[in-house]
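Examining the three-dimensional arrangement
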Amino acid sequence: QVQLVESGGGLVQAGGSLRLSCIASGRTFSGYVMGWFRQAPGKEREFVAAITWSGGTMYYADSVKGRFTISRDNAKNTVYLQMNSLKPEDTAVYYCARAYSSVAVTTTSGYNYWGQGTQVTVSS
């Protein structure tokens with residue numbers, strides 16, 4: 001089984017920064033693409049960023065390019081999302097997820113394990 005636990009969310013002013021962490025437990029981490037998604041109230045869950053097992057390839061939504069950085073530490077079974085220059089429209093619950101393959105990694109259908117989410121609120 002796979003357990004994913006996010007942390008690092010909170011309340012921040014526009015222009016500020018947060019770093020989210022996601023720790024994976026179980027036989028979970030090796031060889032898999034990991035991703036971050038977010039869901040704002042009344043909206044569908046949307047892709048934010050993903051990173052391959054080696055860390056050699058990262059994918060980003062256009063809305064966060066240049067502001068967010070995804071990284072991973074395989075020795076710690078942890079994936080991170082550094083969020084800079086935050087905007088009120090970044091307010092959402094952020095979810096960590098593990099992909100089941102290396103395709104469709106920018107869509108929710110490409111992932112089969114999800115964390116419980118962490119709230120990020122950006123005030124104007």
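First, a word on what this report is: a plain description of the structure on this page. (Residues numbered from 1 in each chain as written. Predicted model: local features only at pLDDT ≥ 70, side-chain atom pairs only at ≥ 80, totals over all residues. Heavy atoms only, no water.)

**Focus: the pattern of salt bridges**
Counted under the stated rule, the structure contains 4 salt bridges. Here Arg38 makes a salt bridge to Glu46, at a shortest N to O gap of 2.6 Å. With a shortest N-O distance of 2.9 Å, Arg38 and Asp90 are connected by a salt bridge. Of the two residues, Arg38 is situated in strand E4 (residues 34-39) and Asp90 in the loop between strand E8 (78-83) and strand E9 (92-99); the sequence distance between them amounts to 52 residues. For Arg38, a relative accessible area of 6% corresponds to the buried category. Note on Asp90: relative accessible area 0%, which makes it buried. Bridged by salt links that share partners, the residues Arg38, Glu46, Arg67 and Asp90 form one connected network. (Salt bridge = Lys/Arg side-chain N within 4 Å of Asp/Glu carboxyl O. Helix = DSSP H or I, 4+ residues; strand = E, 2+ residues; numbered from the N terminus. Buried < 20%, exposed > 50% of the residue type's maximum accessible area, 1.4 Å probe, protein only.)

**Some details on the sheet that holds strand E1 (residues 2-7)**
The strand order across the open sheet built from 4 strands is E1-E3-E8-E7, with neighbouring strands paired in antiparallel fashion. Looking at strand neighbours, the two that pair on one side only are E1 and strand E7 (68-73), the edges of this open sheet. Across the sheet, the mean angle separating the axes of adjacent strands is 15 degrees when strand polarity is ignored. As paired strands, E1 and strand E3 (residues 18-26) are joined by 6 bridges and run antiparallel to one another. Note that in E3 the partner of Leu4 across the bridge is Ala24. (Pairing = 2+ DSSP bridges. Axes fitted to C-alpha atoms, helices over the stretch in contact; angles between N-to-C directions.)

**Remarks on the state of the cysteines**
Tallied over the entire structure, the rule returns 1 disulfide. Cys22 shares a disulfide with Cys96; S-S distance 2.1 Å. Measuring the twist about the S-S bond at about -75 degrees, one finds the Cys22-Cys96 disulfide to be left-handed. Pair noted here: Cys22 is in strand E3 and Cys96 is in strand E9, with a separation of 74 residues, a long-range link. Side by side, Cys22 and Cys96 carry an identical accessibility label, which is buried. (Disulfide = S-S within 2.5 Å.)

**Thoughts on the side chain of Thr118**
The residue Thr118 is located in strand E11 (residues 118-123) in this model. There is a polar contact of 3.2 Å between the side chain of Thr118 and the backbone nitrogen of Gly9. (Polar contact = N/O pair within 3.5 Å; in protein donor to acceptor, adjacent residues only side chain to side chain.)

**Topic: the side chain of Thr52**
On the secondary structure map, Thr52 appears in the loop between strand E5 (46-51) and strand E6 (58-60). With sequence-adjacent residues up to four places away left out, Thr52 is seen in contact with Val33, Thr57, Tyr59 and Arg72. (Contact = heavy atoms within 4.5 Å.)

**Overview of the pairing of E4**
Burial runs high along E4: 5 of the 6 residues are buried. Where E4 and E5 come together, 5 bridges link them in antiparallel fashion. What sits directly across from Met34, in E5, is Ile51. Pairing analysis gives 6 bridges linking E4 to E9, with the strands arranged antiparallel. Bridge pairing in E9 links Gln39 to Val93.

Structural measurements only, silent on function.
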